[in-house]
Amino acid sequence: MNNALIETGAGIYKGSFSLRFAPKPEDKYIPENYDEECICTGLRLLSEGKTKEGLRCLQIAWANENLWAGELLSYGYTANWFGENDYPKALQILYKMVNRGYPMAMNNLGTMYMEGLGMKRSNRWAKYWLEKAVAHDCVFAMVNLANMLTLGPKKYRDYSRAVELLKMAMDKDDPEAFNMMGLCYHLGRGVPQDNVMAYQYYKLGYEKSAGPVSAYNLGQCYYLGRGVEKNLDIAQKLFEEAEEGGFPVQEWLNKNECPS
C-alpha cells in the first residue's frame, strides 16, 4: 500500500520517522476464496471512507482466522483506519497470530514495542520480536531491525549487523532496504562514508517505489549537490512528493540553507 502519512512529532529515533499508511484497494488482486473477497471489499470500502462497512468486512474474514485479515485489522487499529486507534484490540490480534507462528505479526509486534503503542516503549522487546521475525525470513523485519541498529539507542547499535540485514532485504528487492543502505553510506555506519554511493542507493530505492521516504532523502542530495550535481528543479519535485507523504520538508529546509 502507498499513500504514506506521518504523525506530527512521530520521530522514533533521531532521523527516523513513524509512517502510517492509508487503506488502498487491491484492484489488481483476484480473490481466491470468500474471505479474500471480504478483505478486498473491505479495503475498497475503507478507501472510500465507508469505515464501518469496511471494518465489518475485515472482521468477517478474521472470524475465520484469515491471517491477511488479521494483519490488516491489527494495523488498522494502530493507524486510525476505523475512526480511532484501539491498541488493545491490535495487540489481541497480533498475539493470536504470533502464537500461530506468523512472521509479519512478530514484526508488527516489534514495531509496536519500538514506538510504545498500547504499551511501554521497550527497545529490548522490539529487538526480540524483530529478530524472531527475521529468523522467519520476514523482509519487513530485516529493514525495521536495521533501522533500529543504525539509528536507535547506542546500546543497541550494531552497524555491521544492520548492513548484513539490509543486504538480505536487498536480495529480496525490498525498496526500503535500498533507501536505508543509502542512509548508511551517508552517515558512514557499517560502510565507508560515501555521498556518491548514498545518492545511488537513494535513487535505487526511489526507482523501486520506496515512496516519500526516498523522495525526501534523494531531494536532499539534489538540493545540496551531495553525491550528485545540484539540481533545484528536481529537488523541488522530490520534496513535493515527500511533503505529500508527510515528511517535514520545510522544517529541514529551514535548517539547511542551499549553497550558492
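Residues numbered from 1 in each chain as written. Predicted model: local features only at pLDDT ≥ 70, side-chain atom pairs only at ≥ 80, totals over all residues. Heavy atoms only, no water.

What about the overall build of the protein chain?
Link 1 in the chain: Scanning the protein chain from N- to C-terminus turns up 13 helices and two strands.
Link 2 in the chain: Overall, the protein chain is about 60 × 40 × 30 Å in size when its C-alpha atoms are taken along their principal axes.
Link 3 in the chain: Of all intrachain contacts in the protein chain linking residues separated by at least 6 positions in sequence, the fraction that spans at least 24 positions is 47%.
Link 4 in the chain: Carbon and sulfur atoms make up 48% of the accessible area of the protein chain, which totals about 13200 Å².
Link 5 in the chain: Averaging the locations of the 29 positively and 32 negatively charged side chains of the protein chain gives two centres separated by 7 Å. (Helix = DSSP H or I, 4+ residues; strand = E, 2+ residues; numbered from the N terminus. Contact = heavy atoms within 4.5 Å. Areas by Shrake-Rupley, 256 points an atom, 1.4 Å probe, with all protein chains shown as cover. Lys, Arg positive; Asp, Glu negative; His and termini not counted. Charge placed at Lys NZ, Arg CZ, Asp CG, Glu CD.)

Points about the confidence of the model for the protein chain
Close reading of the predicted structure is inappropriate where its pLDDT is low.
Link 1 in the chain: Per-residue pLDDT for the protein chain has a mean of 90; in total, 91% of the residues score no lower than 70.
Link 2 in the chain: The element-level mean pLDDT for the protein chain is lowest in strand β1 (residues 4-11), coming to 41, with helix α8 (residues 159-171) highest at 98.
Link 3 in the chain: Long-range and interchain partners of residues 1-10, a stretch whose pLDDT sits below 50, account for 35 contacts in this model, where long-range means more than four residues apart. (pLDDT = per-residue confidence, 0-100.)

Focus on the packing of aromatic side chains
Link 1 in the chain: In this structure the tally under the stated criterion is 14 aromatic pairs.
Link 2 in the chain: Between the aromatic rings of Tyr77 and Phe82, the centroid separation amounts to 5.1 Å while the plane-to-plane angle is 70 degrees, which identifies the pairing as edge-to-face. Of the two residues examined, Tyr77 and Phe82, each falls in the buried class.
Link 3 in the chain: Each ring, one from Tyr128 and one from Trp129, has its centre 5.1 Å from the other, and the planes form 85 degrees; the classification is edge-to-face. (Phe/Tyr/Trp six-rings, centres within 6.5 Å; stacked < 30°, edge-to-face > 60°. Buried < 20%, exposed > 50% of the residue type's maximum accessible area, 1.4 Å probe, protein only.)

Observations concerning the environment of Gly245
Link 1 in the chain: Counting through the fold element by element, Gly245 comes out in the loop between α12 (232-244) and α13 (249-255).
Link 2 in the chain: For Gly245 and His186, which are 59 residues apart along the polypeptide, the C-alpha to C-alpha distance reads 22 Å.

Thoughts on the side chain of Gln220
Link 1 in the chain: By secondary structure assignment, the location of Gln220 is in helix α11 (residues 212-224).
Link 2 in the chain: One polar contact links Gln220 to Trp252, side chain to side chain, over a distance of 3.5 Å.
Link 3 in the chain: Ignoring sequence-local partners within four residues, the contact set of Gln220 consists of Arg226, Phe239 and Trp252. (Polar contact = N/O pair within 3.5 Å; in protein donor to acceptor, adjacent residues only side chain to side chain.)

As for the side chain of Arg189
Link 1 in the chain: Assignment of secondary structure puts Arg189 in the loop between α9 (175-187) and α10 (195-207).
Link 2 in the chain: Nearest to the buried, unbridged Arg189 among oppositely charged side chains is Asp158, at 12 Å.
Link 3 in the chain: There is a polar contact of 2.9 Å between the side chain of Arg189 and the backbone oxygen of Thr150.
Link 4 in the chain: Beyond its immediate stretch of four places on either side in the chain, Arg189 contacts Thr150, Leu151, Arg157, Tyr159, Val163 and Cys184. (Salt bridge = Lys/Arg side-chain N within 4 Å of Asp/Glu carboxyl O.)

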